[in-house]
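The chain contents come next:
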Amino acid sequence: MSEKSSPKTTARWRQQFIELSHELEQQKTYEQLLERGLSRLALAANGMDVCLDPHLDSLRKNLRASIRDKAEVEHILTEIESAITAMDAKKASKSNIVQLLIALIDKVSWPKSKKKQFDKVRKRAEKSSDTQLSEILDEVARLIEESITPQKGKERNRFFSQFLPLKQTKSSHSLIEKEMVELDSDESDTTEFIRQSQTDDFTPQILLTELLERLSLPTELSSKASELRLKIHNGLKTEEVTETISSIANLVSELSSSAMAEKKEYEKFLRDLTKKITSLDKHLYEVVQEDLSAFEQRHKLAGDVEQTMVELRTDVEGAVDFVEIKSVLSQRLDHLNEQITNYQQADNTRFTESQKQIEALTLRLHVMESEANELRLATSKARALAMKDPLTGIWNRQALTEVLQTEYSRWARYQKPLTMVVWDVDYFKAVNDKFGHSAGDVVLKTIARIFKDSTRQADFIARFGGEEFVGLFPEISLEQGLEMANKVRLTIENTQFQHNGISVPITASAGLATFEKGDTIEDVFTRADKALYEAKGQGRNNCQIERK
Ligand SMILES: Nc1nc2c(ncn2[C@@H]2O[C@H](COP(=O)(O)OP(=O)(O)OP(=O)(O)O)[C@@H](O)[C@H]2O)c(=O)[nH]1
């Protein structure tokens, strides 16, 4: 082979050189592009993970350096690879956390009122990105908090409001406001929780510890929580995570049951309180109904009760927990009972006194009634005596006056016949004179008996005075009356009067008149007396009717 190159060979070498140069040029451009891309990727990936960031910085610095250290780059790439592997592991952890959250939500029987909210959070958890995880965790914690402490929510306010008087809504507001402040302070805690969580990396341990920290546990459950916390702190094996989640879920359920039991006890206590207050009110109402004289006492008691209720309400509003409320209510109720007992004692005394007074008054009333009856009877007897003629025992002139008035009114109303008869014993003065006044009295008594025996039940006969008698025949005409009078007259005539074995002839004469339209009592009496005068004039032992 000759040392001199042929032109053809030279041209080929040149061509190859040009192509190689071009290829190198392209590779350099490609390398620059890769460097730039790598640098940008490193910049973009910065912040994804704190462990990755320093390696990315080193890589970018190295890429920007004029002299590159291949070994250094290889080391950086190894570190980046390790960091990315660690990131993947963390990512897997986070998705485990989501699964844990969902498992927790599913395991606990949440109150109906929270069920929907938990379902929403559950859906969000399923679709969540890493950046949303802390937010979801906090929401789950908040819902757990609300679910296990129902007395701090609206339910408690509603619960209270049914026992507090409506007019006290202002006071009730203050109670609500106070609770809102409490809720606000809870939110501050939540904000703090979010802030902290955002800076932390989540692991199942952190999640479970955070959940336990956020549960406000009663004493009887706190020891269980401490055990769990210690177990978590010491590190959980993968198979222990699910078991721990179940334990926390049970704890939450127990806490919820405990809160419900307390709520029920609280409800029962307030129901009993309401019954007692209702009973008091009923008692007060009955007291008023039973004894109006106790109005002032009742008014005072009502004032005391109202005052106690106001104090009670103030105390309840100021109380911080159920035990204090219970204690305050018990004290106030005791005070209220004392007031009621005092009132009842006073009321009993008042009632006993009233009963005594009523018994005394009743006795006095009975005595008075008895006395009044006796008096009425005596008056009646006296009146009867006053109406009777003492000698003959028949009605006297006073009785005649009254009966005349009554019969006259009846006649005026019904216009039925009413006849008057005026009797006079014939020659009575001679009887007295001849046989003595006593004999004359016997004659008068005998004639009175004849009058009485001869007249009907409806008829009336009275001694007018001396030896004069006046009779009334209701519903008897003048003619009928004359007939009846003559019968009486004959009876008298036929009666045997004797004195010392000597027969004493006794006769009587009568004049009759009947009531006519426009008559007064005096008119009729005058006409009857005039008829008597006529009978006397005709020889006595005679009955005459009025002449019209
Ligand atoms: N025994 C007795 N006599 C009385 C009583 N009241 C009145 N007399 C008498 O009755 C008598 C009445 O007499 P007179 O009025 O004159 O009438 P008379 O003698 O009946 O004569 P005539 O009426 O015309 O038939 C008097 O002597 C009275 O004293 C009385 O209660 N008892």
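Structure shown above.
Residues numbered from 1 in each chain as written. Predicted model: local features only at pLDDT ≥ 70, side-chain atom pairs only at ≥ 80, totals over all residues. Heavy atoms only, no water.

**Q** Whenever I open this one, the overall build of the protein confuses me. Can you help?
**A** Each helix and strand counted, the protein has 17 helices and seven strands in total. When the 548 residues of the protein are sorted by exposure, 34% land in the buried category. Considering only residue pairs separated by 6 or more positions, the protein has 68% of its internal contacts joining residues 24 or more positions apart. In the structure as shown, the protein presents an accessible area of about 34,700 Å², 54% of it carried by carbon and sulfur atoms. (Helix = DSSP H or I, 4+ residues; strand = E, 2+ residues; numbered from the N terminus. Buried < 20%, exposed > 50% of the residue type's maximum accessible area, 1.4 Å probe, protein only. Contact = heavy atoms within 4.5 Å. Areas by Shrake-Rupley, 256 points an atom, 1.4 Å probe, with all protein chains shown as cover.)

**Q** Looking at this model, I keep getting lost on the site of the ligand. Mind explaining?
**A** The ligand sits among 16 residues. The nearest are Tyr-427, Asn-432, His-437, Asp-441 and Arg-463. Taking Asp-424, its side chain carries an N or O atom lying 3.1 Å from an oxygen atom of the ligand. Lys-536 places a side-chain nitrogen or oxygen 3.2 Å from an oxygen atom of the ligand. Burial of the ligand by the protein amounts to 66% of the accessible area it has alone, namely 660 Å². For the shell around the ligand, the elements supplying multiple residues, two or more each, are β1 (418-425), α14 (428-435) and α15 (437-454). Considering only residue class, the shell around the ligand consists of four nonpolar, four polar and eight charged. (Near = heavy atom within 4 Å. Polar contact = N/O pair within 3.5 Å; in protein donor to acceptor, adjacent residues only side chain to side chain. Nonpolar A, V, L, I, M, F, W, Y, C, P; charged D, E, K, R; others polar.)

**Q** Explain the packing of aromatic side chains here, please?
**A** Aromatic ring pairs are defined here through the distance separating the ring centres and the angle between the ring planes. Under the defined criterion, the tally for this structure stands at seven aromatic pairs. Relative to Phe-451, the ring of Trp-423 has its centre 5.0 Å away and its plane inclined at 45 degrees; by these criteria the two rings are tilted. Of this pair, Trp-423 sits in strand β1 while Phe-451 is found in helix α15, placing the two residues 28 residues apart along the sequence. By the burial criterion, Trp-423 is buried, and Phe-451 matches it. Grouping aromatic residues by their ring pairs yields a cluster made of Tyr-408, Trp-411 and Phe-515. (Phe/Tyr/Trp six-rings, centres within 6.5 Å; stacked < 30°, edge-to-face > 60°.)

**Q** Explain the side chain of Asp-426 here, please?
**A** Within the fold, Asp-426 resides in the loop between β1 and α14. Among the polar contacts made by the side chain of Asp-426, one reaches the main-chain amide nitrogen of Asn-541 at a distance of 2.7 Å. Once residues lying within four places of it in the same chain are set aside, the contact partners of Asp-426 are Thr-507, Ala-508, Ser-509, Lys-536, Arg-540 and Asn-541.

**Q** How do you make sense of the pattern of salt bridges when you look at a structure like this?
**A** Two side chains bearing opposite charge may form a pair once their charged atoms approach each other closely. According to the stated counting rule, one finds 13 salt bridges in the structure shown. Lys-536 is the salt-bridge partner of Asp-426, the closest N and O atoms lying 2.9 Å from each other. Separated by 110 residues along the polypeptide, Asp-426 in the loop between β1 and α14 and Lys-536 in helix α17 (residues 521-537) bring together distant segments of the chain. In this structure, Asp-426 and Lys-536 share a single accessibility class: buried. Residue Arg-489 is joined to Glu-493 by a salt bridge in which the shortest nitrogen-to-oxygen separation is 3.7 Å. Note that Arg-489 and Glu-493 are positioned in helix α16 (residues 478-494) at a spacing of four residues, about one turn of the helix. (Salt bridge = Lys/Arg side-chain N within 4 Å of Asp/Glu carboxyl O.)

**Q** I keep staring at the pairing of strand β2 (residues 460-465) and nothing clicks. Help me out?
**A** Along any regular strand the residues' side chains alternate between the sheet's two faces. The buried fraction of β2 amounts to five of the six residues, a majority that puts the element mostly inside the structure. Here five bridges tie β2 to strand β3 (residues 468-474), and the two strands are oriented antiparallel to one another. In the sheet register, Gly-465 faces β3, and the bridge partner there is Glu-468. Linkage of β2 to β3, two consecutive antiparallel strands, is achieved through a turn of two residues, within which Gly-466 is found at a positive phi near 55 degrees. (Pairing = 2+ DSSP bridges.)

Any functional reading would require information beyond the geometric quantities listed.
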